[in-house]
Amino acid sequence: MSQPDAETLAIRDKLISTRRAIYSTTEAEVSKRWTYEEGIKRPYFHVKPLERVQLKNWKEYLDFEMEQGSHERMVVLFERCMIACALYEDFWLKYAKYLESHSVEGARNVYRRACTIHLPRKPNIHLNWAAFEEQQGNLDGARDILKTLEEAVPGLAMVTLRRVSLERRTGNLVNAERIFQEAVEHAKDTNTASFFSLKLARFLAKTKADTEGAKTVLKEAIEKDKENAKLYLQLLDLEFQQGVRPDEDRVLQCFDLAMASQLSADAKLTFSQRKVEFLEDFGSNVERLMTVYEEHQKLVKTHSGGKKRAQEGAGDDLVPAEKKHKLEENGTMSMPPPMTMPPPAPAPNSLPPPDPNAAPPPSYNYNWSTGYNQPSVSQVLELIVPLYSGTWKVAASIF
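In short, a report on the structure. Just so it is clear, the model here is predicted, and its values are computed rather than measured.

As for the packing of helix α2 (residues 52–68) against helix α3 (residues 71–84)
Item 1. At a minimum axis distance of 10 Å, the contact between α2 and α3 shows a crossing angle of 170 degrees. Between α2 and α3, the angle is such that the two are roughly antiparallel. Contact residues: α2 offers W58, Y61, L62, E65 and M66, while α3 offers R73, M74, L77, F78, R80, C81 and A84.
Item 2. Each residue belonging to the contact of α2 with α3 can be placed in one class, and the counts come to nine nonpolar, no polar and three charged.

Given below as structure tokens:
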């Protein structure tokens, strides 16, 4: 077999060096991603949620690939991720946000796949899709997206507010007001209706400059929800902000409406305090100010007395159950039996109490008239004299 010539050897060396460079580069890239690839335990789709470790691994893998800067690798990795994480809108949003800077149609396709197939009831990604279409100038598409979401998941306030914002930004104020009115009429409960009434009143006053219409909306809402302090505050705010100087009589009417309502005592006290402050700052009649101030002081005393009684009632609830059952029929608490003190301990060197059953000593005399035995005079002196002598010695040592 003939030996290869020099030209053949040069070609072989060049091919080998080229393949070796490709192999080294590939090996280096694989080693960078090997940890992430080993962390993928479920590359297929399943309805069961993924573990946190799996989600963290996918997120870190995507962030790493973004830093590498290869668009082809990013698209391939996102598509792999969307198989296992098809039910997680965070990954769909990440994919769409990435594609927005590369391909508008590609980002739209990602939003469409996520919202119409995998996540038809997730509001966050729908709102982002609507904002994306609005940025691209597709206003009808944005309206359709929000309307479809509202029909799929009714009762979401954020969707209604986003629809109103879209119409307001496009200058279609009539449609914005109509959406608010429909939200008030079709509200499920009173709190939701009051919420949309507040939004509608603010929209009418600030966007359409229709203050009277805003007041009408608030008064109608107050008739349905008389215990909502926010409605009274909004109505008061509308009156207060009208003109350079607020109309004193109309502002006081708002205060009186709140004070005559079914609000709590704390809320009424707050309105009363603000009424006094308003007359101090803008009032034109000192007699009215003093009258309102006296009414406020009466309300403060009443409120303080009510709180004190409530605290006393709460203190009664703290009485233990074993004491409550001792209440007598007349409603008074039965007094516990008097405490008996133990007998005092005998003093040092004092005589022990006589024992009537003990046999008397021979030196004892008997006096049946007193009923107990009496010691003789000599025995008494034997006990008393040492005590007095000890006392005198202590006194002498002191002085």
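Description of the pattern of salt bridges
Item 1. Enumeration according to the criterion identifies 22 salt bridges in this entry.
Item 2. E167 is paired through a salt bridge with R143; the nearest N and O atoms lie 2.8 Å apart. Here R143 lies in helix α7 (residues 139–152) and E167 lies in helix α8 (residues 157–169), a separation of 24 residues in the sequence.
Item 3. The class of E167 is buried, set by a relative accessible area of 6%.
Item 4. Under the relative-accessibility criterion, R143 is labelled partly exposed at 24%.
Item 5. One salt-bridge network, in which partners are shared between bridges, spans E29, K32, R33 and E65.

Describing the packing of aromatic side chains
Item 1. A full pass over the atoms with the stated rule returns 13 aromatic pairs.
Item 2. Aromatic pair F195 and F196: ring centres 5.3 Å apart, planes at 70 degrees, arrangement edge-to-face.
Item 3. For F195, a relative accessible area of 33% translates into the label partly exposed.
Item 4. According to the relative accessible area criterion, F196 is buried, its value standing at 5%.
Item 5. Measuring from ring centre to ring centre gives 6.5 Å for Y232 and F271, while their planes differ by 75 degrees; the resulting arrangement is edge-to-face. Of this pair, Y232 sits in helix α12 (residues 229–240) while F271 sits in helix α14 (residues 265–282); the two residues are 39 residues apart in sequence, bridging distant segments of the chain.

Definitions and cut-offs
- Residues numbered from 1 in each chain as written.
- Predicted model: local features only at pLDDT ≥ 70, side-chain atom pairs only at ≥ 80, totals over all residues.
- Heavy atoms only, no water.
- Axes fitted to C-alpha atoms, helices over the stretch in contact; angles between N-to-C directions.
- Helix = DSSP H or I, 4+ residues; strand = E, 2+ residues; numbered from the N terminus.
- Parallel < 35°, antiparallel > 145°, perpendicular 65-115°, else oblique.
- Contact = heavy atoms within 4.5 Å.
- Nonpolar A, V, L, I, M, F, W, Y, C, P; charged D, E, K, R; others polar.
- Salt bridge = Lys/Arg side-chain N within 4 Å of Asp/Glu carboxyl O.
- Buried < 20%, exposed > 50% of the residue type's maximum accessible area, 1.4 Å probe, protein only.
- Phe/Tyr/Trp six-rings, centres within 6.5 Å; stacked < 30°, edge-to-face > 60°.

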